[in-house]
Amino acid sequence: MNVENRVFQKLFKEEKTELSTHKIELGLIDDGDKLMSLAKSFYKEAEQTQSNAQGGWKLSAHNYDRAIASYEKALKMAKELGADKIVGEINKQISLASKQFKTAKSYEKKLNL
């Protein structure tokens, strides 16, 4: 019986080692799955943020362009009326809107990866 016990002990010991190895492998797969899920979440968030930013810059550029056109019409009328103070204020607004338009267009192009 002594020999039989030793055989059983060795068999069960090897089986435990094999099960432990499988546990470790399954644990690593679970860790990988959790990290993959986390990475996908951040990826989707980054895509949405980029899309929102790109849309925001596009709308910003479009509206600055429209503002410039409106200011230019007002500038023409103010010049015809001889309203020098208003002409100066409109020129400042056109300058600011032009600068912001260029910046918005630049960011829009950069985000269009």
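This text goes with the structure placed above it.
First, a word on scope: everything that follows refers to the structure included in this document. (Residues numbered from 1 in each chain as written. Predicted model: local features only at pLDDT ≥ 70, side-chain atom pairs only at ≥ 80, totals over all residues. Heavy atoms only, no water.)

### Re the packing of aromatic side chains
This is how it is decided: Ring pairs shown here join Phe, Tyr and Trp side chains whose ring centres sit within 6.5 Å, with only the six-membered ring taken for Trp; geometry is labelled stacked below 30 degrees between planes, edge-to-face above 60, and tilted in between. Numbering goes from the N terminus for both helices and strands, where a helix is a DSSP run of H or I of at least four residues and a strand is a run of E of at least two. Burial here depends on accessible area, computed with a 1.4 Å probe over protein chains only, as a share of the maximum for the residue type. Under 20% is buried, over 50% is exposed, and the range in between is partly exposed. Look at NZ for Lys and CZ for Arg. If either is within 6 Å of the ring centre and within 35 degrees of the ring normal, a charge sits over the ring.
Considering all chains together, one arrives at one aromatic pair under this definition. For the pair tryptophan 57 and tyrosine 107, a centre-to-centre distance of 4.7 Å together with 20° between the ring planes defines the contact as stacked. Separated by 50 residues along the polypeptide, tryptophan 57 in helix H1 (residues 2-81) and tyrosine 107 in helix H2 (residues 84-111) bring together distant segments of the chain. Of the residues examined, tryptophan 57 reaches a relative accessible area of 29% and is grouped as partly exposed. On the accessibility criterion, tyrosine 107 (37% relative accessible area) is partly exposed. A cation over a ring is seen here: lysine 110 above tyrosine 107, with NZ or CZ 5.3 Å from the ring centre.

### Comments concerning the nonpolar core
As a reminder, the rule being used: Among the buried residues, those of types Ala, Val, Leu, Ile, Met, Phe, Trp, Tyr and Cys that are joined through side-chain atoms within 4.5 Å form a nonpolar core. Here, two residues are considered to be in contact whenever any of their heavy atoms come within 4.5 Å of each other.
In this structure, Leu75, Ala78, Val87, Ile90 and Ile94 together form the largest nonpolar core, which totals five residues. The set of elements that each furnish at least two residues to this core consists of H1 and H2. Per-element accounting of this core gives the leading share, three residues, to H2. In contact with isoleucine 94, other than residues within four places in its own chain, are Tyr71, Glu72 and Leu75.

### Side note on H2
Put simply, the rule is: By definition here, a helix of n residues has an expected span of 1.5 Å times n minus one.
With 28 residues, H2 should reach 40 Å at 1.5 Å per residue; the first-to-last C-alpha distance of 41 Å fits that figure. All of the buried residues in H2 are Val87, Ile90, Ile94, Ala97, Ala104 and Glu108.

### Concerning the pattern of salt bridges
Let me state the cut-off plainly: One speaks of a salt bridge when a side-chain nitrogen belonging to Lys or Arg is within 4 Å of a carboxyl oxygen belonging to Asp or Glu.
This model, assessed by the stated rule, comprises two salt bridges. The closest approach of N and O atoms between glutamate 89 and lysine 92, which form a salt bridge, is 3.7 Å. In this pair, glutamate 89 and lysine 92 both sit in helix H2, three residues apart, roughly one turn of the helix. A relative accessible area of 44% places glutamate 89 in the partly exposed class.

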